[in-house]
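Residues per chain, in single letters:
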Amino acid sequence: MTVELQFIGGASCSGSGAPLSIIEPATGAEIASGAGANAADVEAAVSAARDAFGDWAARTPGARSDIMHEWARLLRERAGELAAVESANAGKPIRLASEFDVPGTIDNTAFFAGAARHLEGKASAEYSGDHTSSIRREPLGVIGSIAPWNYPLQMAAWKILPAVAAGNTVVLKPSELTPMSSLLFARAAVDAGVPPGVVNILTGTGGEAGQPLVEHPGVAMVSFTGSTGVGRRVAATAAGAVKRVHLELGGKAPFVVFDDADLEAAARGAVAGALINAGQDCTAATRAYVQRPLFEEFVGRVADLMDQVRLGPVSDPETDMGSLISRAHRDKVMGMVERARESGAKIVRGGRIPDHTPEAGAYFEPTLITGAAQHSEIVQQEIFGPVLVVLPFDTDDEAIELANDTPYGLAASAWSRGVYRTQRASREIRAGCVWINDHIPIVSEMPHGGYKSSGFGKDMSAYAFDEYTNIKHVMSDITAVARKPWHEVIFRAE
Ligand code: NAD
């Protein structure tokens with residue numbers, strides 16, 4: 001079915017770039033096709049966003065908030081459609097789309113509707129004695145946002161909501177593999193009363209649409225979520241124009257199990273944390289470090305649980321784990337597992353393409369690996385598939401050192417009944433989020449963002465406003481004195 005894959009100035013339209021085919025990863029079937037965006041469409045979208053900026057930025061926070069509450073209400077009304085589209089386009093089970101992606105997005109929208117009225121800053125006061133200082137938080141202008149394919153709807157929400165709540169306008173480029181829910185999200189914005197041009201969607205490849213968006217002089221800031229490699233390139237391009245950049249990049253979350261942990265909780269948490277979204281989650285548990293007395297039993301329990309995970313059609317509510325995003329990505333995951341095997345690691349479970357799922361889909365079995373070396377590729381590099389590597393440790397010092405021993409720093413978890421151990425882990429593990437006795441849950445009120453090669457800046461929460469606003473200091477003389485004593489430091493003319 002041919003569809004319009006662009007949303008510019010409040011209306012769907014066709015792109016001017018190369019044709020795109022949108023595939024259902026679980027079956028290989030085409031969902032839609034249409035023309036992708038290129039530099040001409042970037043021009044049109046940035047122009048629409050610039051035109052919309054003055055009016056949107058001038059509205060009161062209360063006015064923006066009312067419209068965003070209506071946006072949240074419409075999303076709630078359209079939740080079923082959103083979940084079905086997200087599940088089909090991203091290859092994720094309908095249960096995950098209905099109970100995680102969509103409610104999370106609605107909650108984010110409602111949160112930022114409220115947060116729009118709570119921009120904060122230092123109190124106005126006479127800090128010099130002779131002046132009143134006050135703070136203005138001002139929107140930046142047009143934000144160019146670029147999103148990945150793993151959580152298309154939530155990533156669109158995380159990028160768009162704080163930006164527009166603060167009075168900016170946005171041109172979002174979703175992944176060319178998964179644009180469908182972003183288009184619905186933008187349509188709901190306009191139906192709710194967000195003025196045309198405030199939210200624009202450009203469906204296109206990184207080269208044809210992403211690069212020109214980052215380069216465009218009308219874009220004030222680039223907000224990017226994706227891999228560390230592409231993020232590095234985006235940051236380098238943006239640096240040329242001294243544009244503000246926000247980077248949410250890859251992850252390689254450690255999952256540290258101390259010998260006083262609740263073993264059942266840790267094993268269940270590891271399976272859920274590693275297999276969520278078929279492991280295509282930047283915070284997924286990928287490296288479990290287990291203190292030696294618990295190691296064998298932990299591996300056994302995780303293997304038993306993995307055996308019970310049901311792979312199947314994504315529209316079936318009984319399906320636990322869906323497809324990877326594409327066969328090309330599955331080949332990459334499988335290649336990493338194969339190289340681990342060749343270098344001496346043991347594949348305890350999985351590591352193969354299942355035999356009962358559609359051949360044209362991109363399914364991969366839940367995979368459990370032991371015996372890998374800390375400095376091997378499978379432990380150091382992002383896999384982005386349903387693969388958990390388990391390694392033993394002896395002392396608490398060693399656990400912290402191993403947890404910190406990758407280039408990434410997005411998320412981590414520590415499992416123990418001992419408060420001093422968990423407190424130490426939360427202090428010493430260098431990651432943007434450290435869970436204690438859990439792994440994965442997120443809330444709209446709390447920030448998400450990385451350390452090290454996982455990037456910088458925060459999505460979600462009021463902290464996101466730090467990315468999407470400029471802080472202006474306004475300093476007003478209150479003395480009405482022409483000859484100010486401080487002038488004499490500079491000159492002493494009569
Ligand atoms: P990717 O880096 O390949 O692509 C991300 C986006 O960048 C896509 O929209 C792509 O079209 C675009 N792009 C590619 N080249 C570009 C260029 N030269 N200029 C501008 N845009 C360009 O990532 P992906 O494979 O879509 O997603 C998976 C990655 O995303 C993983 O590394 C994962 O960890 C990361 N991720 C991070 C977070 C986080 O919050 N830190 C969240 C989700 C996903």
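Note that the coordinates shown come from a computational prediction; the quantities given were computed from them, not determined experimentally. (Residues numbered from 1 in each chain as written. Predicted model: local features only at pLDDT ≥ 70, side-chain atom pairs only at ≥ 80, totals over all residues. Heavy atoms only, no water.)

(A) View of the sheet that holds strand S11 (residues 253-257). Ordered by their spatial adjacency, seven strands build an open sheet running S13-S14-S15-S12-S11-S17-S18, and the pairing between neighbours is mixed. Among the strands making up the open sheet, the edge pair consists of strand S13 (346-349) and strand S18 (433-436). Put simply, the sheet's adjacent strands are angled 25 degrees from each other on average, direction ignored. Across five bridges, strand S12 (residues 285-291) lies against strand S15 (residues 387-393) in parallel orientation. By the bridge assignment, alanine 288 is partnered in S15 with valine 390. Of the strands in this sheet, S11, S12 and S15 are in contact with helix H13 (residues 396-403), which crosses S12 at around 170 degrees. (Pairing = 2+ DSSP bridges. Helix = DSSP H or I, 4+ residues; strand = E, 2+ residues; numbered from the N terminus. Axes fitted to C-alpha atoms, helices over the stretch in contact; angles between N-to-C directions. Contact = heavy atoms within 4.5 Å.)

(B) Structural context of the pairing of strand S14 (residues 367-370). Neither face of S14 is left uncovered, since the one carrying Thr367 and Ile369 and the one carrying Leu368 and Thr370 both have all their residues buried. Bridge count for S13 against S14 is three bridges, and the pairing is antiparallel. Within S14, the position partnered with isoleucine 347 by the bridge is isoleucine 369. (Buried < 20%, exposed > 50% of the residue type's maximum accessible area, 1.4 Å probe, protein only.)

(C) Focus on the site of the ligand. Around the ligand sit 29 residues in total, of which Ala147, Ser227, Leu249, Glu382 and His448 are the nearest. In this structure, an oxygen atom belonging to the ligand sits 2.7 Å away from a main-chain N or O atom of alanine 147. Take glutamate 382: an N or O atom from its side chain is 2.5 Å from an oxygen atom of the ligand. Surface burial for the ligand is 89%, taken as the share of its 850 Å² of free accessible area covered by protein chains. (Near = heavy atom within 4 Å. Polar contact = N/O pair within 3.5 Å; in protein donor to acceptor, adjacent residues only side chain to side chain. Areas by Shrake-Rupley, 256 points an atom, 1.4 Å probe, with all protein chains shown as cover.)

(D) How the structure looks around the domain arrangement of the protein chain. Segmentation of the protein chain into domains returns domain 1 (6-249 + 454-474) and domain 2 (253-436). The interface is formed by 24 residues belonging to domain 1 together with 28 residues belonging to domain 2. Around 1900 Å² of area is buried between domain 1 and domain 2 when both sides are counted, 57% of it from carbon and sulfur atoms. The interface formed by domain 1 and domain 2 includes one salt bridge. Between aspartate 320 and arginine 95 there is a salt bridge, and its shortest N-O distance comes to 2.9 Å. Applying the counting criterion to the domain 1 and domain 2 interface returns 13 residue pairs in polar contact (both at pLDDT 80 or more). Of all the elements in the fold, those that place two or more residues in the side of domain 1 that touches domain 2 are helix H3 (79-90) and helix H4 (94-115). Here the side of domain 1 that touches domain 2 takes four residues from H4, the largest share from any one element. Partitioning the side of domain 1 that touches domain 2 into residue classes produces eleven nonpolar, nine polar and four charged. (Domains from an automatic or database assignment. Buried area = accessible area lost by both parts, 1.4 Å probe. Salt bridge = Lys/Arg side-chain N within 4 Å of Asp/Glu carboxyl O. Nonpolar A, V, L, I, M, F, W, Y, C, P; charged D, E, K, R; others polar.)

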